[in-house]
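Observations on the model geometry
What follows is each chain in one-letter form.
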Amino acid sequence: MTLEEIADRSGFSTRQLHRWFDEYLDTAPSWTMTTVTPIYLLIDGTYYSNNHCLIVYRAENLKRTIFYRFTTHEDQDEVASDLLNIKDLGYIVIGVTTDGGDNIVRAVQYVFPNVPRQRCVVHVQRECLACITKRPRFPEARLFKNLVQDLSVVRTQNDKLWWLSMYHRWVEDNEEYVFQKGVVSYSHQEYYIHNDLRKAYVHLKRALPNLFTYIEHPGVPKTTNALEAFFGHIKD
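This one's a predicted model, so the numbers in the text were calculated from it and none came from an experiment. (Residues numbered from 1 in each chain as written. Predicted model: local features only at pLDDT ≥ 70, side-chain atom pairs only at ≥ 80, totals over all residues. Heavy atoms only, no water.)

Under the criterion given, the structure shown has six salt bridges. The salt bridge partner of K181 is E190, with a shortest N-O separation of 3.6 Å. One salt-bridge network, in which partners are shared between bridges, spans R58, E60 and K63. (Salt bridge = Lys/Arg side-chain N within 4 Å of Asp/Glu carboxyl O.)

What follows is the structure, given as structure tokens:
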């Protein structure tokens with residue numbers, strides 16, 4: 001709609017409308033929230049063709065997307081800026097669930113250093129199982145697969161203690177096997193014999209400090225599944 005059309009419909013002159021618009025735009029409008037709302041925040045990104053990335057921030061307890069960004073990749077500075085904007089909107093973040101992306105993790109640690117953070121259990125399972133395949137050949141990898149799959153049934157403190165006992169037993173029995181090395185005869189270069197299992201184990205080990213936050217802090221989502229469903233709907 002043009003200024004002339006607005007003048008015609010409103011009955012005010014274009015000069016008067018110009019003056020009002022100029023006065024209004026001299027100071028950029030800002031949006032302030034009238035209430036302070038605690039939220040459990042989900043963060044995840046998905047990639048599309050042509051190097052496009054959509055990062056979504058969802059308040060899971062409100063069942064609401066509160067922020068999103070179209071960009072080229074998960075950039076630490078951009079995510080930190082988004083999180084600061086979320087704080088400025090008046091939201092109080094009391095828990096964050098993310099995948100294992102380094103840039104998102106570092107941004108969350110920078111903006112919310114004391115907020116409980118949960119690694120998405122489904123992402124951890126998916127990454128580990130992708131390394132060792134659905135039907136691993138060796139018994140050590142089959143036991144590891146069972147261990148990773150059992151994360152789905154961990155719901156209580158007792159479940160967590162049971163799972164950790166199984167994990168530490170597996171590590172004690174198999175860590176030396178996992179890091180076995182061989183040597184290429186013609187180049188004398190070392191390599192990991194069981195590299196796929198090693199990658200899966202290292203991924204799980206790095207996730208462990210934030211894998212059971214949802215038990216210590218009830219209310220923190222254990223997965224970002226709600227965003228996975230959102231992305232699936234968009235891509236469809």
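Take the environment of I43 next. By the secondary structure assignment, I43 is in strand β1 (residues 37-48). Taking the C-alpha atoms as reference points, I43 and N114, separated by 71 residues in sequence, lie 17 Å from one another. What I43 contacts, discounting residues up to four positions off in sequence, is I55, V56, Y57, L83, V96, T97, T98, D99, I104, V108, T224 and L227. (Helix = DSSP H or I, 4+ residues; strand = E, 2+ residues; numbered from the N terminus. Contact = heavy atoms within 4.5 Å.)

Here we come to the environment of N103. Along the chain, N103 falls in helix α4 (residues 102-111). Not counting residues up to four positions away in its chain, the partners in contact with N103 are E74, D75 and Q76.

Before going further, it helps to examine the nonpolar core. Among the nonpolar cores identified, the biggest contains 27 residues, and F144, W163, L204, L211 and F212 are the most heavily contacted of them. Mapped onto this core, the elements with two or more residues apiece are α5 (121-132), α6 (139-149), α7 (157-178), α8 (195-207) and α9 (213-216). Looking at which element gives the most residues to this core, the answer is α7, with seven residues. By size, the runner-up hydrophobic cluster in this structure holds 22 residues, among which are I43, C53, V93 and F112. (Core = buried A, V, L, I, M, F, W, Y, C linked by side-chain atoms within 4.5 Å. Buried < 20%, exposed > 50% of the residue type's maximum accessible area, 1.4 Å probe, protein only.)

We now examine the side chain of D82. Mapped onto the elements, D82 comes out in helix α3 (residues 76-88). Residue D82 is classed as buried on the basis of its relative accessible area, which comes to 1%. Polar side-chain contacts of D82 include one of 2.7 Å to the side chain of Y57. Beyond its immediate stretch of four places on either side in the chain, D82 contacts Y57, F67 and R69. (Polar contact = N/O pair within 3.5 Å; in protein donor to acceptor, adjacent residues only side chain to side chain.)

Moving on to α5. Between its first and last C-alpha atoms α5 spans 17 Å; for twelve residues at 1.5 Å apiece the expected length is 16 Å, and the two agree. A positive backbone phi angle near 70° is found at T133, which sits one or two residues after α5. (Expected span 1.5 Å × (residues − 1).)

Bringing the packing of α6 against α7 into the picture now. Interaxial distance between α6 and α7 falls to 11 Å at its minimum, and their mutual angle equals 155°. On the basis of the axis angle, α6 is roughly antiparallel to α7. Relative to α7, the crossing made by α6 is left-handed. Every residue of α7 that contacts α6 at E140, L143, F144 and L147 is listed here: W163, M166, Y167, W170, N174 and Y177. Of the residues assigned to the contact of α6 with α7, the class counts are eight nonpolar, one polar and one charged. (Axes fitted to C-alpha atoms, helices over the stretch in contact; angles between N-to-C directions. Parallel < 35°, antiparallel > 145°, perpendicular 65-115°, else oblique. Left-handed = near helix turned anticlockwise from the far one by under 90°. Nonpolar A, V, L, I, M, F, W, Y, C, P; charged D, E, K, R; others polar.)

Everything listed here is a matter of coordinates, which is why it stays silent on function.
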